[in-house]
Amino acid sequence: MSPDPNRAVELDLDERPFTERGSRLLVTAGPDGLRVARAEYETRLADTVELTGLVLRDAAGHPLPVRSATPAAVEFVGGATLLFADPATLVLTGHGGHASWRLPDGTGRALALDGCHVLHGPPGEWSAAAVRAAAEARWAAWFARMPAVRPDLAPAAATAWWTLAVNLLPVAGREGLVPSKYGYVGVWNWDALFHAVALRHADPALARDQILLFLNHQLPDGRLPDVVHEHGVLADTTDLPRADHARLAEHVGSANGARPAAGPVPVTKPPLAAWAVWKVHLTDPDLPFLAAAYPRLVRAHRWWFAASDPDGDGLPEYLHPYSSGLDDSPVWDYGPRAEPPDLNSYLVLEADRLADIADALGRPEEAADWRTRAAAHAELLVARRWDGTRFTTLAAGAPVPVRTALDLMPLFTGRLPAGIAAALENTLRSPAYWGERPVPTVAFDDPAFDPEAMWRGPVWLNVNYLLIEGLRRSGFADTAEDLRERTLAMVRDGGGLYEYWNPLTGTRARRATSGFGWSAALFVDLAAEG
Ligand code: GLC
């Protein structure tokens with residue numbers, strides 16, 4: 001890592017804006033100066049602009065461009081500096097020259113620089129030196145907690161670590177880590193679990209908070225909402241933003257004419273909460289946390305069998321694309337409910353983790369019961385869905401032809417018969433999925449494969465991470481290590497912490513957002529292993 005933690009990350013004021021932990025304000029560069037906008041749930045930044053066209057000039061009127069932008073400060077040629085005095089307050093400090101900018105109503109503002117001025121935020125008196133020292137101390141303290149990584153991964157890990165800090169916002173009375181201040185300004189269910197996986201290394205209490213934020217918003221029927229945001233929760237289709245309905249109508253059922261379901265449908269995310277709770281507990285044992293989480297995890301687990309298994313065959317289905325977390329996966333081209341093999345794989349693992357938690361809480365009989373369920377569920381998955389060569393994906397109860405990375409997820413259970421586990425590992429290492437940058441979310445040779453389109457081909461770090469764990473659990477340590485190395489190299493060389501990557505080029509896919517929380521979190525966690 002850089003010897004000066006405040007300079008460990010270069011902000012480009014585009015993909016990496018100047019922003020702060022806890023602040024909704026983003027400072028980015030525009031064609032005519034800097035722009036300040038607010039990150040809000042489901043709102044375009046263009047609609048939340050606070051000021052724009054911020055330019056500094058010297059006494060002769062010559063522009064003073066930005067000289068450097070780091071987590072702690074934006075410095076201009078000539079010595080003026082832009083700083084966060086607190087999450088709601090941006091100050092400009094310096095002497096000589098002046099600053100000018102425009103407000104959203106088009107009116108201009110200007111000031112002669114002479115000390116420490118509030119640029120945006122409530123009026124107040126600030127000391128430039130104190131604000132600067134506090135910003136540097138904050139960032140030094142955050143970077144001091146970054147897990148150690150090897151030198152070639154240090155720059156990307158520092159950017160990831162910065163991302164995790166600035167994506168923290170006050171949500172529902174806690175500090176929640178949002179997936180991105182560009183476009184995903186709320187706390188999403190499985191994102192929060194992946195975020196917790198990284199935060200456990202630095203701040204286990206903050207990691208537990210990500211999980212509790214969801215468990216404390218559990219619905220009366222036991223399900224966990226898809227999103228918790230500043231105005232409430234997204235827990236069924238009536239909570240969806242209007243634009244989402246239109247987007248879903250375009251592709252759900254596009255291959256066979258099946259229509260999106262009518263009426264409200266519950267919306268959640270894949271069941272991985274017990275997995276995350278146990279990981280955090282292993283890093284920082286906390287029995288009261290386990291005791292608080294356990295009954296909620298049990299109810300969340302039961303919900304899938306009680307409310308999300310329409311044909312009652314003991315193998316739950318996703319009732320909405322968003323519940324799978326794989327919004328536009330070709331699995332959904334075949335109808336509004338689907339059962340790719342990942343869901344029941346997660347449920348098997350959840351039962352095993354509930355067993356671990358029950359054991360830790362001194363309830364060995366419950367633990368034994370969960371293990372029996374995990375074994376029976378894994379057997380059912382194999383008996384009903386293994387066709388001799390692959391696990392089938394069903395849509396509305398019928399097998400569909402698409403081949404996705406989810407087909408390999410039964411490895412995650414660690415409970416497959418050896419021959420089946422070996423066949424899956426073999427498939428993963430075949431040209432269908434293996435390349436310089438595995439794992440494409442849709443097989444390279446599937447007709448639906450599109451390297452740029454979200455869940456229709458690009459590489460996502462959560463899928464790779466879960467498969468790495470599954471390979472280890474199933475006895476394929478070498479392939480797990482190979483996949484880990486290739487995943488780390490892709491991020492290291494790709495230029496940013498994107499939402500997803502084009503597997504053919506290793507670059508950001510066109511519509512992928514940047515500063516993405518789980519990419520940052522899982523990269524750090526994988527890199528921290530050495
Ligand atoms: C997208 C992803 C989903 C994720 C959400 C927030 O909708 O498809 O899996 O949870 O963004 O990052």
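Thresholds applied
Residues numbered from 1 in each chain as written. Predicted model: local features only at pLDDT ≥ 70, side-chain atom pairs only at ≥ 80, totals over all residues. Heavy atoms only, no water. Pairing = 2+ DSSP bridges. Helix = DSSP H or I, 4+ residues; strand = E, 2+ residues; numbered from the N terminus. Buried < 20%, exposed > 50% of the residue type's maximum accessible area, 1.4 Å probe, protein only. Contact = heavy atoms within 4.5 Å. Polar contact = N/O pair within 3.5 Å; in protein donor to acceptor, adjacent residues only side chain to side chain. Salt bridge = Lys/Arg side-chain N within 4 Å of Asp/Glu carboxyl O. Expected span 1.5 Å × (residues − 1). Axes fitted to C-alpha atoms, helices over the stretch in contact; angles between N-to-C directions. Parallel < 35°, antiparallel > 145°, perpendicular 65-115°, else oblique. Left-handed = near helix turned anticlockwise from the far one by under 90°. Nonpolar A, V, L, I, M, F, W, Y, C, P; charged D, E, K, R; others polar. Near = heavy atom within 4 Å. Areas by Shrake-Rupley, 256 points an atom, 1.4 Å probe, with all protein chains shown as cover. Core = buried A, V, L, I, M, F, W, Y, C linked by side-chain atoms within 4.5 Å.

### Some words on the pairing of strand 3 (residues 49-57)
Working step 1: The sheet contact formed by strand 2 (residues 33-38) and strand 3 spans three bridges and is antiparallel. Within strand 3, the residue paired with Val36 across the bridge is Leu51.
Working step 2: For strand 3 and strand 7 (residues 89-102), the ladder comprises four bridges, and the chain directions are antiparallel. Bridge assignment links Leu56 to a residue of strand 7, and that residue is Ala99.

### Section: the environment of Thr89
Working step 1: The residue Thr89 is located in strand 7 in this model.
Working step 2: A relative accessible area of 1% means that Thr89 is categorised as buried.
Working step 3: It is 17 Å that separates the C-alpha atoms of Thr89 and Ala110, two residues lying 21 residues apart in sequence.
Working step 4: Once residues lying within four places of it in the same chain are set aside, the contact partners of Thr89 are Leu25, Leu83, Phe84, Val118, His120, Gly121, Pro122 and Trp126.
Working step 5: Within the structure, the side chain of Thr89 is placed 2.7 Å from the side chain of Asp86, a separation counted as a polar contact.

### Some details on the pattern of salt bridges
Working step 1: Following the criterion strictly, the structure yields 45 salt bridges and no others.
Working step 2: When salt bridges with common partners are traced through the structure, they connect Arg150, Asp152, Glu485, Arg492 and Asp493 into a single cluster.

### Focus: helix 7 (residues 287-307)
Working step 1: Between its first and last C-alpha atoms helix 7 spans 30 Å; for 21 residues at 1.5 Å apiece the expected length is 30 Å, and the two agree.
Working step 2: Of the positions making up helix 7, those classed as buried are Phe289, Leu290, Ala293, Tyr294, Leu297, Val298, Ala300, His301, Trp303 and Trp304.
Working step 3: The opening residue of helix 7, the one whose side-chain oxygen lies 3.1 Å from the backbone nitrogen of Phe289, is Asp286.

### A look at the packing of helix 2 (residues 154-166) against helix 14 (residues 517-527)
Working step 1: As a packed pair, helix 2 and helix 14 sit with axes 9 Å apart at the nearest point and diverge in direction by 130°. One element, helix 2, and the other, helix 14, form an angle in the oblique class. For the pair helix 2 and helix 14, the crossing hand works out as left-handed. Between helix 2 and helix 14, the residues in contact are Ala156, Ala157, Ala160, Trp161, Thr163 and Leu164 and Gly517, Ala520, Ala521, Phe523 and Val524, respectively.
Working step 2: Considered class by class, the residues forming the contact of helix 2 with helix 14 number nine nonpolar, two polar and no charged.

### Details of the sheet that holds strand 16 (residues 398-399)
By definition, the strands of a sheet pair up through backbone hydrogen bonds, in either a parallel or an antiparallel sense.
Working step 1: If you trace the three strands from one edge of the open sheet to the other, you get 14-15-16, paired in antiparallel fashion. Only two strands of the sheet have a single neighbouring strand rather than two, namely strand 14 (338-339) and strand 16.
Working step 2: Summarising the sheet, strand 15 (residues 394-395) and strand 16 pair through two bridges and their orientation is antiparallel. Its bridge partner being in strand 16, Ala395 is matched across the sheet by Ala398.

### What about the environment of Ala137?
Working step 1: For Ala137, the position within the fold is in helix 1 (residues 128-144).
Working step 2: Judged by its relative accessible area of 46%, Ala137 falls in the partly exposed class.
Working step 3: As a C-alpha pair, Ala137 and Ala72 span 65 residues in sequence and 8.9 Å in three-dimensional space.

### Focus: the site of the ligand
Working step 1: Every residue close to the ligand is listed here: Pro179, Tyr184, Trp188, Trp190, Asp191, Lys269, Gly325, Asp327, Met454, Trp455, Phe516 and Trp518.
Working step 2: Between the ligand and Gly325 there is a distance of 2.6 Å, counted from an oxygen atom to a backbone nitrogen or oxygen.
Working step 3: In the model, an oxygen atom of the ligand is placed 2.8 Å from a nitrogen or oxygen of the Trp455 side chain.
Working step 4: Contact with the protein chains removes 97% of the 310 Å² of surface that the ligand exposes when unbound.
Working step 5: Looking at the shell around the ligand residue by residue, the classes come out as eight nonpolar, one polar and three charged.

### Some details on the nonpolar core
Working step 1: The biggest cluster of nonpolar side chains holds 150 residues, and the ones touching the most others in it are Leu82, Trp275 and Phe523.
Working step 2: A total of ten residues in this core trace back to one element, the largest contributor, which is helix 9 (residues 341-360).
Working step 3: Look past the residues within four positions of Trp275 in its chain and what remains in contact with it is Phe194, Val197, Leu349, Glu350, Arg353, Phe412, Tyr465, Leu466, Glu469 and Arg473.

### Topic: the environment of Asp58
Working step 1: Note on placement: Asp58 falls in the loop between strand 3 and strand 4 (66-69).
Working step 2: The class for Asp58 is partly exposed, based on a relative accessible area of 25%.
Working step 3: Linking Asp58 and Gly97, residues 39 residues apart in sequence, is a C-alpha distance of 4.1 Å.
Working step 4: Apart from residues lying up to four places away in sequence, Asp58 is in contact with Leu64, Gly97 and His98.
Working step 5: A polar side-chain atom of Asp58 sits 3.0 Å from the main-chain amide nitrogen of Ala60.
Working step 6: Engagement of the side chain of Asp58 in a polar contact is seen with the backbone nitrogen of His62, the distance being 2.8 Å.

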